[in-house]
Structure formats: C-alpha cells, structure tokens
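Listed below are the residues making up each chain.
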Amino acid sequence: MISYILNRIAWAVPMLFLVSVASFAVIQLPPGDFASAMVAEMRTQGDVVPEGTEERIRHEYGLDRPIYEQYVSWMGKIVLHGDFGTSLGFNQPVSNLIWDRLFLTVSISLASLILTWVIAIPIGVYAAARQYSFLDYFFTIFGFIGRGFPEFLSALILMWFAYSWFGMNVGGLFSPEMQNAPWSLAKVIDLANHLWIPLLVLASSGAAGLIRIVRANMLDELNKPYVETALSQGLTEWSVIWRYPVRVALNPFISTIGWALPALISGDVITSVVLNLPTTGPLLLKALQSQDMYLSGAFILILGAFTIIGTIVSDILLAISDPRIRYR
Amino acid sequence: MAGENPKPIIEIENLKVHFKMREGVVKAVDGVNLSLMPGEVLGVVGESGSGKSVTVRTIMQLLPKIASIADGKVLFNDNGTTTDIAKLAKNSRDMRALRGGKIGMIFQEPMTALSPVHTIGHQVMTPILLHTGLSKREAEQRAKETLDMVRLPRIEEMMRSYPHQLSGGMRQRAMIATALACRPKVLIADEPTTALDVTTEAQILDLLKELKRELGMSIVFITHNFGVVADIADRVSVMYLGNVVETGTTEDIFYDPRHPYTRALLNSIPRLGAEKQPRLNTIPGMIPDPYRLPAGCVFNPRCSAATDQLCRTTYPGITRINDHRMARCHRVAEAVATESIAP
Ligand SMILES: Nc1ncnc2c1ncn2[C@@H]1O[C@H](COP(=O)(O)OP(=O)(O)O)[C@@H](O)[C@H]1O
Ligand SMILES: [Mg+2]
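Just so we're clear, the structure is a prediction, and the values are computed from it rather than from any experiment.

Q: Teacher, can you tell me more about the packing of helix α6 (residues 168-180) of chain B against helix α7 (residues 198-215) of chain B here?
A: Two packed helices can be described by the angle between their axes and the distance between those axes. Residue and element names in this part refer to chain B. At a minimum axis separation of 10 Å, α6 and α7 run at an interaxial angle of 20 degrees. In this view, α6 runs roughly parallel relative to α7, as classed from their interaxial angle. Along this stretch, α6 crosses α7, giving a crossing that reads as right-handed. Contacts between α6 and α7 involve Gly169, Gln172, Arg173, Ile176 and Leu180 from the former and Thr200, Gln203, Ile204, Leu207, Leu208, Leu211 and Leu215 from the latter. Looking at side-chain class alone, the contact of α6 with α7 contains seven nonpolar, four polar and one charged residues.

Below you can see the structure in the form of structure tokens.
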C-alpha cells in the first residue's frame, strides 16, 4: 500500500512539470508579446508613447531574456513566492485575483459535490434494488428532465422564484450591503441565504446524471453471485446491498473524483455568470477573451495541478476501497 | 439406514415454482417431491434447465423476484419441530435464522460467489457474528478453526487474503468454510465443482465427504455429471423439465434405471469397459419450449417407450417401486402392477 502511494506520487512529478510547461506555452502563445500589446493599448488610448518604451517595458519584465530563463523565473516566483505574475486586464497581481475566488469555488463545488452524492447515491441504490417500482420510474423521469434541462435555465427559474415569492435579492453570494462588511454572524446568514440556489442548481443537475449511473452499476452488481452468497449467509437484503454491491458499484465514482475537481472549477461558468457568483469560472472566461495571458496561464496551471492531485487522491481512495487494485 | 426409518430432515412435497415472464408463465418447477435423510448425500442430476437450482433455492427462499412458490411444502425437521419453509416470508427473521445458520449453501462459481472487496476472514466471520452471538474475538477463533477444517493452509495469512489472491480450489474451500461456519444441519451444494478442473474436483468431493462424516450433516448435491454423483451420493433424484422423474439409491439408479429418461441419460455417457460405440448416444429430440410444455408426460415427445395415448394425455403420478425407489412413468407403473400381481 505504501509503495503503491509512493509510486503514484513519483508518477505525478513529471506530469506536474509537463503541465507547467504547457501553461507557460499558453502564456507565450499570442503573436507579439505583453510589451507590444501594452504599447498598442496606450496608443489606442491616445497617449503619446516615446520611442524605446516597448524595449524598456520588455526589459523591465524580463521579456528579452531566453525562453527557458523566463520559464524558470516564472516557475520560481510561483513556487517560492506564490507570485503568478501580473494580470494585464486588471493591472494587479494574479494571485490577488484568484485565491479568494478559488477558495469560494472549491467550497461551493465541494459542497455541491457532497450534496450531489448525498442525493444521488441513496436514490440510485434504491431504484436498482426496487427496479420497476413506482419510485424507480419517478426518479428515472426526474433524471431525464434534470439531464435535459440546462443549468443556467434552472438557475434563472430558481432566482425568479426566490425573488418573486420570497422577495429575496439573490444574485451573487452576498447582499450589496454585506459585500464588503467584515465577517459576522449576519454575514454568514446572508451567505447561506444566497448559497442555496447555486448549491441546489449544481447538485440537482449533477444528481440527475449520477442517479442513472449508480442505478445501472448497482443493477450489474446485484446480479453477481456474491450477492446471493451474502443472502445465503442470513444477512438482510439491505445490509447485503450496503455492505457489498454498493462498495463495488461506487468504484467508478471514486476514480472520477480526479476529474471532478477541475471540472468544478471551470465547468460552472455559465451558471456562475447567470448567478453572478464571484467564482473562478467567469474570471477564466474573461481572461481567455481578453488574452490576459498571465491570468490564463495561472488558471491552466492550477487546473492541471488539481487534475493530477485529484487523480492521485482518487487512485489512493480506490486502492483502499478495492483490494484488487492494490495487488495488480 | 438399514432397518430404522428416521424422519427426513428436509421433505419437499409437490413443490411448484412459477416465473412470471413478459411472454407468459414458466413452470420451472412443477410438482417436485424430494426428501433428504439425516447424514446422507442426495444427488440431484438432470440436464441444465431442468429446475435443479430453482428447487434447492426454495429451501433457502433465494428465488428471483419474478419467481413465486405456487404450491407445495418445503418441510424442515429439526429437533422435533417441523417448519414449512414455503410458508415463511422471504425476508422474515425465521427465514434468515435458517439461512447460513441451519442450512448452508455453496455455489458453482467460487470466483464470483465470494465478495471481491472483503477478506476471507471477514466473509467467514459474517455468518458467525450473525447467528451465534459470539464476540468478535471468539468469532475470529471460530473462523480460523473453520478454515483449518476445510484444510486451507497458512490460516493467519488466509484470514487476511482476498479471493482474487487464491486459486480456484482454495476459493471453493473458503466458500465451503463460509457455508459451514455455523455448523449447519444441511449443506446445499449447487454444482460446486463444475467450474473446477478434474483433480481439484476430486479433492473437493473428498473434502465434502469427510466433512459430512465429521459434522454429521446432510448434503443436497446438484450436478449434471453422473460420475460425480456416483462418487458422492447415497441416493439420487433425476430431474427433467421441473419434475423429479426417478429417485433411488445410487446403485439402483446406475445398474437398474427404470425411467426411460434415466436410461437415456445413462446411455448418453461413455463408460469405461463398455463395448465400443461409434459415437456418443444422445437423447433424440429437443428440450421443449418452457412456455408450451407437452401435454401428458413431459418426456413423451423424446421417449422411446411412449407408445400409447396415455403418455400423451395424462401426467403420470408417482409410482413407488419399493421403500427407496419411486418413478413418474406410466410404463413403470404398468410393470410394477404386473410384478405385484405375478407371484
Ligand atoms: N432468473 C430466471 N428468470 C427466468 N426464468 C428462470 C430464471 N431462473 C430459472 N428460470 C427458469 O427455470 C428453469 C430451471 O432453471 P434452473 O433451476 O436454473 O435449472 P438447472 O437445472 O440448470 O439448475 C429454466 O429453464 C428457466 O426456464
Ligand atoms: Mg443450475
């Protein structure tokens, strides 16, 4: 087990390096560079830009040094100081922009992921154990509607309900007067009042898909001979179901935790825009649209690192849950 | 069993099990009579699809959801009390106390019949903790004894092993250990050696015979292999299309089969020492469509002895040939009638 974990971690190091190179390549990708873009920007704004400004900026930012030196200094700053460079669009350090949002995104996403599982796993297991029952059909229909219905639309509808029925002002995560207030009980309550809509939207659409997968996996597992063996030992039906097939049927999900993390960070873009949430999704969108390269590069780096870390976490969880993987 | 006439430990009377399918009702078991005496091995043979597995699963009430017991009794006689298992609710406490406690079961696929995500120790301890009220430590001790009893090596290591780390034969031994952990009165074995190679099969059969003697239990042993029956069974019931067509001692069934189906089955297996045959005899005709069973005796379309109208119209009743033998066949009934009239 220990050697398995060490092996996974050793495998991650070169992957992290590749991701950092790829992110750096993205920064270098656009024609021209930061300096020429900045000068062009100043010119369009009608500023008089003296000759040599471009070179001066280039030198100032180290853009005239060889590529690998730039890469090393970029990575060095990130690793040593957590400094991801400067966002052109916002004209402030990238790290000022992303950490707050990243924290919010990860919290919202984890909360909605947990809510999704809490909703979907019992329902999926029940639907499989009582196949073709009334509730099975009911949840199947719910699943189809949930899958077919775009998230942003359900977000809009929920917001409209909350606004017109409860008189709540629901865009964003805080009421305007709370936005910049220091943390207090009132602010937490305010947050909770705003949070349930994004959580519900994200969790219910995720749950709709998950229920179908859990149900299908469970139906496979319930037909396996070891279920009959467990029953023949005198266990009750439900304790058999929870002890044996559920554990096996959930393995595919454990292996998707790795993908869930980055998808959560980038995937809720539209919903976040609609709900006006200060998460990373909209920021990434804006960064890509405006060629804000240091900001985009930082995002890609973080998403990649999360994917790799997530994959390791899910590999290890999987090995804990399924002994067949440990010994392969 | 000479002379004395003890009560059977399991008595199945006129059992009917129906499957409700979209296309209609399948009478998978249609009037089965079986009895299992204390301390004996009853072999149940028959082609696949004849209803062997369904019959023994009713003893455990482990039928699929679409199946229901339409008629009949499954009596379990233990310490002077008789329970009709067919009347117990599938998930009742009484039924669960029998499963794994008084009646153990082992299955065909030792690979897939054990949980892939639990250790052997855990799986052997499960029924002990469930039925005996022993503490965890005592249950662990009992599990180790049971693993030793089924002759598994390196017990400590075995307790911590997972099924995929064991060979097929070792898995089947572990499976037997889970079934015998609570020292049941009856062991139901549904083709437990079919998936094994011949050498391993012989070892498992020997083990079962020894365990039967050590524990004094009775075994219902299902197989479609007559050689296996000859090795392990004291008595044999032959099944065809949801019916027991003939029951007798193993010797009687082998050397003096009375039912035409039993004869045909025995003819279809090659025997050492028999005169050379150009090819294997097979039973003529096909197994009928389960939705449209033939009228009369279900074997009549394939039966060489079915010559008159009676076979095609009337379902044969049970003919008792002697204390240990019975058959469902009009021809046998006629023969027995003439024998008893003749001096
Ligand atoms: N799960 C099931 N669904 C539908 N029909 C079944 C099922 N299990 C058994 N049957 C029916 O019962 C008959 C007997 O099956 P079974 O007892 O498994 O035969 P075998 O003698 O090979 O063990 C089959 O031919 C089939 O028609
Ligand atoms: Mg079978």
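Now that the structure has been shown, we can carry on.
Q: Explain the packing of helix α15 (residues 280-289) of chain A against helix α16 (residues 293-321) of chain A here, please?
A: All names here are of chain A. Between α15 and α16, whose axes approach to 8 Å, the crossing angle comes to 135 degrees. The angle between α15 and α16 falls in the class oblique. For the pair α15 and α16, the crossing hand works out as left-handed. Residues Thr280, Leu283, Leu284, Ala287 and Leu288 of α15 form the contact with α16, whose own contacting residues are Leu295, Ser296, Phe299 and Leu303. Of the residues that constitute the contact of α15 with α16, the class distribution is seven nonpolar, two polar and no charged.

Q: Would you mind going over the sheet that holds strand β2 (residues 24-36) of chain B with me for this structure?
A: Two orientations exist for strands paired in a sheet by backbone hydrogen bonds: parallel and antiparallel. Residues and elements named next belong to chain B. Strand order across the open sheet formed by four strands is β2-β1-β4-β5, with antiparallel pairing between neighbours. The open sheet has two edge strands with one neighbour each: β2 and β5 (81-84). Shown here is a sheet whose adjacent strand axes are inclined to one another by a mean of 15 degrees, direction ignored. Here four bridges tie strand β4 (residues 67-78) to β5, and the two strands are oriented antiparallel to one another. Residue Phe76 lies in a different strand from β5, and its bridge partner there is Thr83. Contacts between helix α1 (residues 52-60) and the sheet are confined to β1 (10-21), β2 and β4, with β1 contributing the most and set at about 110 degrees to the helix.

Q: What's the story with the UniProt feature "domain: ABC transporter" (unreviewed entry) in chain B in this structure? I'm lost.
A: Per the UniProt record, "domain: ABC transporter" (unreviewed entry) is found at residues 10-266 of chain B. The span residues 10-266 of chain B is 38% helix and 29% strand, and its two end C-alpha atoms sit 27 Å from each other.

Q: Can you walk me through the nonpolar core in this structure?
A: A general feature of soluble globular proteins is that nonpolar side chains tend to end up buried together. Grouped together as the largest cluster of nonpolar side chains are 98 residues, with contacts concentrated most on Leu147, Ile176 and Phe221 of chain B. Look past the residues within four positions of Leu147 of chain B in its chain and what remains in contact with it is Ile120, Val124, Leu152, Ile155, Met158, Met159 and Ala177 of chain B. Counting residues in hydrophobic clusters, the runner-up holds 32 residues, among them Val39, Leu63, Met293 and Ile316 of chain A.

Q: Just checking my understanding: could you explain the pairing of strand β3 (residues 41-45) of chain B for this structure?
A: Side-chain direction in a regular strand flips from residue to residue, so the side chains alternate between the two faces of the sheet. Residues and elements named next belong to chain B. Extensive coverage of β3 is indicated by the burial of five of its five residues. Here β3 shows no split at all, with Val41, Gly43 and Val45 on one side and Leu42 and Val44 on the other all buried. The sheet contact formed by β3 and strand β8 (residues 218-223) spans five bridges and is parallel. Bridge pairing in β8 links Gly43 to Phe221. Across four bridges, the pairing between β3 and strand β9 (residues 235-240) is parallel. Paired with Leu42 across the bridge in β9 is Arg235.

Q: How do you make sense of the UniProt feature "transmembrane region" (unreviewed entry) in chain A when you look at a structure like this?
A: Residue and element names in this part refer to chain A. Per the UniProt record, "transmembrane region" (unreviewed entry) is found at residues 9-29, 102-125, 137-163, 195-214, 253-275 and 295-320. Helix makes up 100% of residues 195-214 and strand 0%, with an end-to-end C-alpha separation of 27 Å. Regarding residues 295-320, the helix share stands at 100% and the strand share at 0%, and the terminal C-alpha atoms are separated by 37 Å.

Q: I would appreciate a short explanation of the environment of Asp289 of chain B in the present structure.
A: Residues and elements named next belong to chain B. Tracing the backbone through its elements, the reader meets Asp289 in the loop between α10 (260-267) and α11 (309-313). A relative accessible area of 28% places Asp289 in the partly exposed class. It is 32 Å that separates the C-alpha atoms of Asp289 and Leu187, two residues lying 102 residues apart in sequence.

Q: Can you walk me through the interface of chain A and chain B in this structure?
A: Often, the extent of an interface is quoted as the loss of accessible area upon association of its parts. Counting residues at the interface gives 23 residues for chain A and 29 residues for chain B. A buried area of about 2200 Å², summed over both sides, lies between chain A and chain B, and 60% of it is on carbon and sulfur atoms. Contact with chain B buries area across many residues of chain A, yet Glu228, Ser232 and Gln233 of chain A alone supply 26% of it, more than any other trio. If you look at where chain A meets chain B, you find two salt bridges. A salt bridge links Glu237 of chain A to Lys65 of chain B; the nearest nitrogen and oxygen atoms lie 3.7 Å apart. If you look at where chain A meets chain B, you find six residue pairs in polar contact (both at pLDDT 80 or more).

Q: Just checking my understanding: could you explain the sheet that holds strand β11 (residues 319-322) of chain B for this structure?
A: Residue and element names in this part refer to chain B. Spatial strand order, β6-β7-β8-β3-β9-β10-β12-β11: eight strands in an open sheet with mixed pairing. Of all strands in the sheet, those bounded by a partner on one side alone are β6 (103-106) and β11. If you compare each strand with its neighbour and ignore which way they point, the axes differ by 20 degrees on average. α1 rests against β3, β6, β7 (186-190), β8 and β9 of the sheet, and its axis sits at about 145 degrees to β6. The strands touched by α10 within the sheet are β9 and β10 (243-249), with β9 carrying the most contacts at an inclination of about 100 degrees.

Q: What am I meant to see in a nonpolar patch on the surface here?
A: Residues and elements named next belong to chain A. Judged by side-chain polarity, Ile141, Ile145, Phe149, Phe152, Leu153, Leu156, Ile157, Trp160, Phe161, Trp165 and Phe166 come together as a nonpolar surface patch covering roughly 1100 Å² of accessible area. Ranked by residues supplied to the nonpolar patch, first place goes to helix α7 (residues 151-166) with eight residues. In this fold, Phe152 is placed in helix α7.

Q: What am I meant to see in the site of ligand 1 here?
A: All names here are of chain B. Near ligand 1 you find 14 residues, and of these Ala28, Gly49, Lys52, Ser53 and Val54 are the closest. A distance of 2.6 Å is found between an oxygen atom of ligand 1 and a side-chain nitrogen or oxygen belonging to Ser53. Contributing elements (two or more residues each) for the shell around ligand 1: β1, β2 and α1. For the shell around ligand 1, the element with the most residues is α1, which contributes three residues.

About the thresholds
Residues numbered from 1 in each chain as written. Chains lettered and ligands numbered in written order. Predicted model: local features only at pLDDT ≥ 70, side-chain atom pairs only at ≥ 80, totals over all residues. Heavy atoms only, no water. Axes fitted to C-alpha atoms, helices over the stretch in contact; angles between N-to-C directions. Helix = DSSP H or I, 4+ residues; strand = E, 2+ residues; numbered from the N terminus. Parallel < 35°, antiparallel > 145°, perpendicular 65-115°, else oblique. Left-handed = near helix turned anticlockwise from the far one by under 90°. Contact = heavy atoms within 4.5 Å. Nonpolar A, V, L, I, M, F, W, Y, C, P; charged D, E, K, R; others polar. Pairing = 2+ DSSP bridges. UniProt positions renumbered as here; feature names shortened; annotations may be inferred. Core = buried A, V, L, I, M, F, W, Y, C linked by side-chain atoms within 4.5 Å. Buried < 20%, exposed > 50% of the residue type's maximum accessible area, 1.4 Å probe, protein only. Buried area = accessible area lost by both parts, 1.4 Å probe. Salt bridge = Lys/Arg side-chain N within 4 Å of Asp/Glu carboxyl O. Polar contact = N/O pair within 3.5 Å; in protein donor to acceptor, adjacent residues only side chain to side chain. Patch = residues over 30% accessible without salt bridge, like charges linked within 9 Å, V, L, I, M, F, W, Y side chains within 5 Å. Areas by Shrake-Rupley, 256 points an atom, 1.4 Å probe, with all protein chains shown as cover. Near = heavy atom within 4 Å.

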